[in-house]
Structures are given as C-alpha cells and as structure tokens.
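Next come the chains, spelled out residue by residue.
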Amino acid sequence: MASLATHFTASLFLCPLGFRRLLCSFSLYLRDPSLYRSRTWYFSEPKWKNLDIYTLVIFLPIASLFNVFIFLATSGNPAYRFSFLQQSFVIIFFWVVLILIILKEKYDLFSLPENLVFIFAAIAFLIEFYMSGRGFFGLGGWVYGILGGLAFFCATCCVYLSIKPSAFFAEFLLSSGLFLKGTWVLQVGLSLYTDVFGLKGCSKISELTLTKGETDVKCELDEHMFRGIALLNLVFVGHVIMVVVISFTLFGVLNRCANVRRGEGSGLSLGEIGSESMLMHPLPDLEME
C-alpha cells in the first residue's frame, strides 16, 4: 500500500497467476468434464513451466521484509504504520501455503490432502480481508474495501473447493477473482497515488502527506468524494466485465482447439466412410417369383 510501485508489483504477480489458473483449469476440464478435479496449483511438464510458483516462493519473503522495513522506517499515523506489519504477516502466510503446495507435489508431505491446502489458502484470504485497508478512511477506505471484498470472495471459493473439488464453476470464480484482484490493485495504485489517473477535486496520496500522518485521499468537497466513489464503482464494473469477457473468450478458443484435435484424431478417410455406409445400408434381397 506504500506507492504505485508496490501496487504494480502485486498486479504483476496476480494477473498472470489468475490467467494461468484459468488456462490450466479450462484445459483440464475440456479433456474430460466427468473426471475434472480442481487443484491448488496446476503443475506442468517440463518443470520450467512452473517457474511462476518458484518465483513467488523467492520474492514473497523479500516483499514481507520490505513491509517490515517500511514499518520500522515510517513515522506518523500508527494505524498506517501497523498496516505494513499486518501486510507482512499476510504475505508470509501465503508463502507458507505455497511451501505446502510444493512439498505436497514433490514429496507427498504426510499425504497432505488437497482440500486441507484449500482451507489454508482460504484462511490466508480471510486474514487479507480482515487487514485490507487498515489505516484508510473515506475514498481510500472504500477502494481498499473492494479489494478486501475480493479477498473474501476468493476465500469463499477456496472453502467450497475444499468441500467439492469437482466444482468447475467455483474454480472458474476463484481464478477470475485472482485475475480481477490483479487488475483492481493496479487501478487502486493509479487512482490513489498518481495525478494523471487521479480523481477530480481530490489530491493523491504522496510521501509528503504520509510523513504528516495523512493516510487518505483529501477531497476539496464531500461532493467530490461521493462522485469519486461513484466513478470508481463504475470502473470496477468495467474491470469485472473485462475479466469475464477475457475468461469466456479463452474458454471458447480452448474449446474450439479441443474440438479440432478430436476431429483430427477420430476422422475417417473417404474410403472408410464409404465402406461403413455400405455395411450400414445393405442392398435388399431380390425375391424370385
């Protein structure tokens, strides 16, 4: 929550993560819908295709330490300072979830069931929901509240998948929710921390205002704040529509490719089609009078 850079970095991880889950879950479902089971992580072969999870394992502790450093170096509003410590705790919890996923996949750790890992992920999302937007009020609190609502949405999907891993629709909602979190966290950074994409009549959150203990967007009039909230609600709806359109387009493309492959694999030559038609429609016997 410190700057545009932190929001951009979070978006850089969340958007590919959500899109990859959509891609892998769609592909797995289209192979055989009756055998579909959701997974906490979709590992691929060769191993270099799993570079994203190992990148997260490396960078999440660094991000957590960075938040601790900001907590120690920042002065001013105590609620804002402690929000960095809380965010550090949230990041470490997600890091532990990733470690469990890797150990389960690689070493079959204590035969850890998949649904238990989903429960751990749900707890991590609930902690994020509880701590999202701490120290922010007014317009900033509203925007971060939407981000917290997305975390709660993902937690609900994880709980449902832990109970019914064959629920493809819940997997679709979880993946789309992660994708939407990635686009929205970038929107939050652009709207609250820049002048170019800032809201009319409202000032951005800057390092100068943070050192003074001011942790929210300052609007000249209440009318400007309410207009900003209405505008950001409309922008959020636009983000939702964009993610849904991308998801359905991706599913349609993958479904078409799967149908083409099935057609090529089961296609018959003209000679085979002709022979089969002859066998299916024999000539009638002539009766002698």
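For the structure, see preceding data.
Residues numbered from 1 in each chain as written. Predicted model: local features only at pLDDT ≥ 70, side-chain atom pairs only at ≥ 80, totals over all residues. Heavy atoms only, no water.

(A) Quick peek at the pattern of salt bridges. Summed over the entire model, instances satisfying the criterion amount to three salt bridges. Here Glu 171 and Arg 21 are joined by a salt bridge, their closest N and O atoms 2.8 Å apart. Highlighted residues: Glu 171 in helix α6 (residues 168–193) and Arg 21 in helix α1 (residues 4–31), separated in sequence by 150 residues. Note on Glu 171: relative accessible area 0%, which makes it buried. Look at Arg 21 and you get buried, because its relative accessible area is 7%. Among the salt bridges present, the one from Glu 128 reaches Lys 181, with a minimum N-O distance of 2.7 Å. Residue Glu 128 is located in helix α4 (residues 114–131), and its partner Lys 181 is located in helix α6; the two are separated by 53 residues in the primary sequence. Each member of the pair Glu 128 and Lys 181 is classed as buried. (Salt bridge = Lys/Arg side-chain N within 4 Å of Asp/Glu carboxyl O. Helix = DSSP H or I, 4+ residues; strand = E, 2+ residues; numbered from the N terminus. Buried < 20%, exposed > 50% of the residue type's maximum accessible area, 1.4 Å probe, protein only.)

(B) The side chain of Ser 175, seen in detail. Tracing the backbone through its elements, the reader meets Ser 175 in helix α6. Of the residues examined, Ser 175 reaches a relative accessible area of 0% and is grouped as buried. For Ser 175, the side chain forms a polar contact with the side chain of Glu 171, separated by 2.8 Å. Residues in contact with Ser 175, not counting those within four places in the same chain, are Gly 18, Arg 21, Leu 22 and Ser 25. (Polar contact = N/O pair within 3.5 Å; in protein donor to acceptor, adjacent residues only side chain to side chain. Contact = heavy atoms within 4.5 Å.)

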